[in-house]
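An overview of the molecular structure
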Amino acid sequence: MASELRLKPEVTSGRSQSPLSTLWQDSITILWGDWLDLRVRVVQVAASGLVSPLIYILAFGLGLGNTMRSGMEGANSYLEFMLPGMVALSSMTICFAGTVFSICGERLFTKNFEEMLLMPIHPISLYLGKMMAGILRGLMTSGSVLLVAILFTGKIWSFLNPLFLLLLLLNCAVFSGLGVLVGLTVKSLESVGIYNNFIIVPMSFLGATFFDPAQLPAALKVVVYLLPLTYTSIGLRAAAYDMSQFPWYSIVVLAIAALGLSFLGARQFANQQD
């Protein structure tokens, strides 16, 4: 890893610059190291997270959806209703899993994670670099799902407007950050399965990807609105079909979650022992 990071010396130069500039350049350096490994697997990464959303689209959107009423939150059909949720779901899955396995591979198998910890880089830069690498993975996969959504609906601006893309970026930041924390703390790959089964899989179905949380009983609403994916799903849906009903609080919730994970991630990097 250290030798790969030195392949981009212009990023690490200029130590006399401001602290924020230095933090940013160091973050880009860490991101560049991950990109060197990721660039040879771009197609694989983009396609791997597309399988589950396509299955859901075919089974629920085209199958079950034909038996359900239309007109849900501005959508003309249940297929249109669930497509923004599929974008949220795919970005969450690949951001979390890709980041966790990337860090676990460096920590538990290649054993080059210690070299990165010894570099004279601030912990927040280490966190941001790894988190941005996760965002990049998530955008690759969600971009594939966006293409499918546009092909099914023909609504280009609905899925590519700035508000939609902002929420998508925040969602990637949240779950990439969560992936960094899990990747730094797990002791084995078996432990990753526990996090996936008890956090990611339940959130996939309870995060408002397939239903409107406003229709739930009050007790269930409390549970659903504790999940960050819920705010992404309802926000993306409103940004795509009904901007007048956009829940602006969803941006605030996701931004706070991303900042909180940044604090925890930097602290974990500062205390990491490998």
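Residues numbered from 1 in each chain as written. Predicted model: local features only at pLDDT ≥ 70, side-chain atom pairs only at ≥ 80, totals over all residues. Heavy atoms only, no water.

Considerations on the pattern of salt bridges
Scanning the model with the defined rule gives four salt bridges in all. Across the pair Lys 130 and Glu 106 runs a salt bridge, and its minimum N-O distance is 2.9 Å. Of the two residues, Lys 130 is situated in helix α8 (residues 123-153) and Glu 106 in helix α6 (residues 78-109); the sequence distance between them amounts to 24 residues. Judged by relative accessible area, Lys 130 falls into the buried class, the value being 1%. Each of Asp 34, Glu 106, Lys 130 and Arg 137 takes part in a single network of salt bridges with overlapping partners. (Salt bridge = Lys/Arg side-chain N within 4 Å of Asp/Glu carboxyl O. Helix = DSSP H or I, 4+ residues; strand = E, 2+ residues; numbered from the N terminus. Buried < 20%, exposed > 50% of the residue type's maximum accessible area, 1.4 Å probe, protein only.)

Observations regarding the environment of Leu 79
Within the secondary structure, Leu 79 is located in helix α6. Residues Leu 79 and Phe 210 lie 131 residues apart in sequence; the distance between their C-alpha atoms is 9.7 Å.

Some remarks on the side chain of Gln 272
Following the sequence through the fold, Gln 272 ends up in the segment after α14 (249-271). In terms of polar contacts, Gln 272 uses its side chain to reach the backbone carbonyl oxygen of Leu 184, at 3.0 Å. (Polar contact = N/O pair within 3.5 Å; in protein donor to acceptor, adjacent residues only side chain to side chain.)

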